[in-house]
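Next come the chains, spelled out residue by residue.
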Amino acid sequence: MNIDEIKKQADYCLSCKVKPCQKGCPLGNDITEFIAAIKTEDYKKAYEILLDTTVLSPICGRICPHFKQCQGSCVRGIKGEPVNIGKLEAFIGDMAIKEGWEIDKLEDKKNRKVAVIGGGPAGITAAAYLARRGYEVTIYEKHKMLGGLLTHGIPDFRLPRDVVYNTIQKVLDLGVNVVLGKELGKDIKLEELQERYDAVLLTFGANISSMMHIEGENLERCIWTEMNF
């Protein structure tokens, strides 16, 4: 969407006082208010409103199942098309990257350390909000890059890698430390981390590989390969 389309879509929002779209969002994004900020062209304010509940707006705006969540709850959708909330969120997230808007810190530095195990969406988000509150955070990731499902499971045409990397970098700019190539239970032990940190947060995925259950998958010369990233 270009800027004119963004403004048109924002103006299409009814600014409902009961905010059904917010109730439909698993994160509780204050959608009505961030769209209201877009209406007045206060884009940075819109970004700051989103930061209250998400640091992944350029990503969530692209890949969230909006029609099952916020857009599916939009009053406009009862008799017509709902407000394109995903596009508006992605627009603000992309602008934050382009303009170099930082994720602000909310509290002074604390003398407390937290280890976050897993560098996927949950781990990155947890690290960001802990760092904003002044905690010293270290993310441990078994792969050679952060992102989890964002980098290993979603194709680039669906979620451009530069969007993922730039979004993650904003979190790292809060002073979050990262240790790559270290797997819990193999390279590091939970007991060891508990001795070194005040708290340990487990945010690794629960992906389980499975057969496709289609006719012919067990035929001779049909090779099934488990993908390990």
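Each value, and the rule that gives it
Residues numbered from 1 in each chain as written. Predicted model: local features only at pLDDT ≥ 70, side-chain atom pairs only at ≥ 80, totals over all residues. Heavy atoms only, no water. Helix = DSSP H or I, 4+ residues; strand = E, 2+ residues; numbered from the N terminus. Buried < 20%, exposed > 50% of the residue type's maximum accessible area, 1.4 Å probe, protein only. Contact = heavy atoms within 4.5 Å. Areas by Shrake-Rupley, 256 points an atom, 1.4 Å probe, with all protein chains shown as cover. Lys, Arg positive; Asp, Glu negative; His and termini not counted. Charge placed at Lys NZ, Arg CZ, Asp CG, Glu CD. Phe/Tyr/Trp six-rings, centres within 6.5 Å; stacked < 30°, edge-to-face > 60°. Lys NZ or Arg CZ within 6 Å of the ring centre and 35° of its normal. Salt bridge = Lys/Arg side-chain N within 4 Å of Asp/Glu carboxyl O. Core = buried A, V, L, I, M, F, W, Y, C linked by side-chain atoms within 4.5 Å. Patch = residues over 30% accessible without salt bridge, like charges linked within 9 Å, V, L, I, M, F, W, Y side chains within 5 Å.

Caption draft 1: Just the overall build of the protein, in detail. In terms of regular secondary structure, the protein is built from 10 helices and four strands. Across the protein, helices and strands are ordered from the amino to the carboxyl terminus as α-α-α-α-α-α-β-α-β-α-α-β-α-β. When burial is assessed residue by residue, the protein has 40% of its 229 residues classed as buried. Partitioning the intrachain contacts of the protein with sequence separation of at least 6 by distance along the chain shows that 68% fall at a separation of at least 24. Surface summary for the protein: the accessible area is close to 13,600 Å², and the carbon and sulfur share equals 51%. Of the side chains in the protein, 31 bear a positive and 32 a negative charge, and the two mean positions are spaced by 3 Å.

Caption draft 2: Region of interest: the packing of aromatic side chains. Taken as a whole and assessed by the stated rule, the structure comprises three aromatic pairs. Here the aromatic rings of Tyr-43 and Phe-91 are separated by 5.6 Å at their centres, their planes lie at 80°, and the arrangement is edge-to-face. Here Phe-91 lies in helix 6 (residues 85-99) and Tyr-43 lies in helix 4 (residues 43-51), a separation of 48 residues in the sequence. The interplanar angle of 90° and the centroid separation of 6.2 Å between the aromatic rings of Tyr-140 and Tyr-197 together place this pair among those described as edge-to-face. You can see Tyr-140 sitting in strand 2 (residues 136-141) and its partner Tyr-197 sitting in the loop between helix 10 (190-196) and strand 4 (199-202), a full 57 residues away along the chain. Per residue, the accessibility class of Tyr-140 equals that of Tyr-197, and both read buried. Over the ring of Tyr-135 we find Lys-110; its NZ or CZ atom is 4.9 Å from the centre of that ring.

Caption draft 3: Seen up close, the pattern of salt bridges. On inspection of all chains with the given rule, the structure shows nine salt bridges. Of the charged contacts in the structure, one is a salt bridge between Lys-7 and Glu-41, with a shortest N-O distance of 3.2 Å. One end of the pair, Lys-7, is in helix 1 (residues 3-12); the other, Glu-41, is in the loop between helix 3 (31-39) and helix 4, and 34 residues separate them in sequence. By relative accessible area, Lys-7 is classed as partly exposed at 26%. A salt bridge links Arg-196 to Glu-192, with the nearest nitrogen and oxygen atoms 3.3 Å apart. Of the two residues, Arg-196 and Glu-192 both sit in helix 10, four residues apart, roughly one turn of that helix. On the basis of relative accessibility, which here comes to 33%, the residue Glu-192 falls in the partly exposed class. Because the salt bridges share partners, they merge into one network encompassing Lys-19, Asp-30 and Glu-33.

Caption draft 4: Expanded view of the nonpolar core. Counting 49 residues, the largest nonpolar core has Ile-31, Phe-34, Ile-35, Ile-38, Ile-85, Ile-92 and Val-176 as the members making the most contacts within it. Contact partners of Phe-34, with chain neighbours within four places excluded, come to Ala-46, Ile-49, Leu-50, Ile-85, Leu-88, Glu-89 and Ile-92.

Caption draft 5: Geometry of a nonpolar patch on the surface. A contiguous nonpolar surface patch, about 290 Å² in accessible area, is contributed by Leu-14, Val-75 and Ile-78. With respect to the helices and strands, the residue Ile-78 is situated in the loop between helix 5 (57-63) and helix 6.

Caption draft 6: Representation of helix 4. Among the residues of helix 4, those classed as buried are Tyr-43, Ala-46, Tyr-47, Ile-49, Leu-50 and Leu-51. Buried residues along helix 4 sit in contact with helix 1, helix 3, helix 5, helix 6, helix 7 (121-132) and helix 9 (161-172).

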